[in-house]
Amino acid sequence: MESNNGKIPSIGFGTSTGIVNPEELERAIDTAIAVGYRHIDTAFIYGTEKVIGQTLQKWFKSGKLKREEIFITTKLPVMGTHQDRVDSFIQRSLSNLQLDYVDLYLVHFPVGAKSGSNNLPLRDEQGHLFLEPKTDHAAIWKKMEAQLDAGRARSIGLSNYNISQIQTVLKSARSAPSCLQVELHAYLQQRELVHFCHQNGITVVAFSPLGAPDHNKRMKGYFAQYEERPLPDILGNAVIGRIGEKHGKSAAQVALRFLVQLGVVPIPKSMNPGRIKENFDVFDFELDGEDMERMAELEMGERARVSDFLNIFKGVEHHPDYPFGKL
Ligand SMILES: NC(=O)c1ccc[n+]([C@@H]2O[C@H](COP(=O)([O-])OP(=O)(O)OC[C@H]3O[C@@H](n4cnc5c(N)ncnc54)[C@H](OP(=O)(O)O)[C@@H]3O)[C@@H](O)[C@H]2O)c1
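None of these values were measured; they are calculated from a predicted model.

## A look at the site of the ligand
The local shell around the ligand holds 31 residues, among which Asp-41, Leu-210, Arg-218, Ser-270 and Arg-275 are the closest. Take Tyr-46: an N or O atom from its side chain is 3.3 Å from a nitrogen atom of the ligand. Contact between the ligand and His-108: an oxygen atom at 3.2 Å from a side-chain N or O atom of the residue. A total of 900 Å² of accessible area belongs to the ligand in isolation, and the protein chains cover 89% of it. In terms of residue count, the dominant contributor to the shell around the ligand is helix α10 (residues 273-280) (3 residues).

Written out as structure tokens, the structure reads:
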């Protein structure tokens, strides 16, 4: 798929696992690479960069994979959403990943917070973050562009930004963002945002493309006081199930194929070898016009959003740069 700064493989492998089990993650990455994924999504805050780096080194040394054959995305954490911290965080990510450059570096979230001692944001006893008062989007973007100049990132982009925040970045940008990564699935289709991005040459990457059924468990791994929330049951949806029966495919494959046909890039996460393979096997069938209409009707809007960050970044909704619920 083409973007402002080149190509990105049309499906990726998500690696947000909550508590990291290094052996399990290495096995999952091995399976993903073996079945054909050439795009891995990580983030400083997931704590998965080191295992990904070690696993990639093993593949590079074996001669079975070259650096230029795999697309690696990582992200500036919320503690780095400040113009003075972009350089140091990308350098830490590159060191974790044992790479000279990443293919895509994203600002993970448009609000900044102070760092704790554990590579996670600092919190008070009630779990509230110590937020930076205001985000200077233009200044941060300038530092992101400097990563292109320094050769540390081949392309740069944003995650969890809304249209008005992307417009702010576009106004001052020397290099426009090549990608926006946002939550996007059958129940939260983000049509206006996708249309805006596509008009501006920005590739949309869909996180939680299956509705993140493990979201509550995973968030508890990051933050023990996390309060569980109801989750959308995309994989149990009867309409998706019937479309799957028609094509001899699973609900997950239909949910992913739908996104591919909308022109967005899904990055499903699985630690299970069978499901890793299943999620990649979505290029030998096509949803017809009627299937696409039935899928479009599943849209639920904001109430289907899983990652509103309210339970994990307590107090963030009062910040002027909180991105959701605004245009
Ligand atoms: N930028 C951001 O703020 C942000 C936020 C969230 C996520 N992300 C990225 O997006 C990636 C994917 O999103 P996600 O992990 O939230 O959710 P997801 O990919 O929608 O869902 C993952 C869950 O679905 C299960 N699953 C995977 N394939 C399946 C299949 N074929 N059938 C049934 N169940 C299946 C997995 O279980 P098993 O592992 O047991 O298969 C796991 O519990 C993340 O890993 C991360 O890289 C980015």
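Continuing now.
## What about helix α9 (residues 251-261)?
The element α9 is largely enclosed, with a buried count of 10 among its 11 residues. What α9 keeps buried is the set Ala-251, Ala-252, Gln-253, Val-254, Ala-255, Leu-256, Arg-257, Phe-258, Leu-259 and Val-260. The inward-facing, buried residues of α9 abut β9 (203-207), α8 (238-247), β10 (265-266), α10 and α11 (289-296). Two residues or fewer past α9, Gly-263 is found with a positive phi of approximately 85 degrees.

## Section: the packing of helix α4 (residues 137-149) against helix α5 (residues 163-172)
Packing of α4 against α5 brings their axes to within 9 Å, and their N-to-C directions diverge by 60 degrees. With respect to their mutual orientation, α4 and α5 come out oblique. The handedness of the crossing between α4 and α5 comes out as right-handed. For the pair α4 and α5, contact is made by His-137, Ala-138 and Trp-141 and by Gln-165, Thr-168, Val-169 and Ser-172, respectively.

## A closer look at the environment of Glu-297
Within the fold, Glu-297 resides in the segment after α11. Owing to a relative accessible area of 54%, Glu-297 belongs among the exposed residues under this scheme. When the C-alpha atoms of Glu-297 and Val-35 are compared, they prove to be 32 Å apart, with 262 residues separating the residues in sequence.

## Section: the pairing of strand β5 (residues 71-76)
For β5, the tally of buried residues reaches 6 of 6 residues, placing the bulk of the element in the interior. Sheet analysis places strand β4 (residues 39-41) next to β5, joined by 3 bridges and oriented parallel. For His-39, the partnering residue across the bridge sits in β5 and is Phe-71. You can see the chain leave β4, run along helix α2 (residues 49-62) and come back into β5, and the turn it takes is right-handed. Sheet topology note: the β5/strand β6 (residues 104-107) ladder contains 4 bridges and is parallel. What sits directly across from Thr-73, in β6, is Leu-104. Handedness of the β-α-β unit built from β5, helix α3 (residues 86-97) and β6 comes out right-handed.

## Points about the nonpolar core
Judged by nonpolar contacts, the single largest core of 92 residues is most densely connected at Leu-56, Tyr-105, Phe-109, Ile-166 and Leu-180. The biggest single contributor to this core is α9, with 7 residues. With residues near it in sequence (within four places) discarded, Phe-109 still touches Val-78, Thr-81, Ser-159, Asn-160, Tyr-161, Phe-309, Phe-313, Val-316, Tyr-322, Pro-323 and Phe-324. Within the second largest apolar cluster, 9 residues are counted, among which are Phe-71, Val-205, Val-265 and Ile-267.

## Things to note about the pairing of strand β7 (residues 156-159)
Because side chains alternate across β7, one face comprises the buried residues Ile-156 and Leu-158, and the other comprises Gly-157 and Ser-159, equally buried. Direction of pairing for β6 relative to β7: parallel, over a ladder of 3 bridges. Looking at the pairing, Leu-106 lines up with Gly-157 of β7. Between the parallel pair β6 and β7, the chain is carried across by α4, and the sense of this crossover is right-handed.

Thresholds, definitions, all that
- Residues numbered from 1 in each chain as written.
- Predicted model: local features only at pLDDT ≥ 70, side-chain atom pairs only at ≥ 80, totals over all residues.
- Heavy atoms only, no water.
- Near = heavy atom within 4 Å.
- Polar contact = N/O pair within 3.5 Å; in protein donor to acceptor, adjacent residues only side chain to side chain.
- Areas by Shrake-Rupley, 256 points an atom, 1.4 Å probe, with all protein chains shown as cover.
- Helix = DSSP H or I, 4+ residues; strand = E, 2+ residues; numbered from the N terminus.
- Buried < 20%, exposed > 50% of the residue type's maximum accessible area, 1.4 Å probe, protein only.
- Contact = heavy atoms within 4.5 Å.
- Axes fitted to C-alpha atoms, helices over the stretch in contact; angles between N-to-C directions.
- Parallel < 35°, antiparallel > 145°, perpendicular 65-115°, else oblique.
- Left-handed = near helix turned anticlockwise from the far one by under 90°.
- Pairing = 2+ DSSP bridges.
- Right-handed = clockwise from strand over helix to strand, strands pointing away.
- Core = buried A, V, L, I, M, F, W, Y, C linked by side-chain atoms within 4.5 Å.

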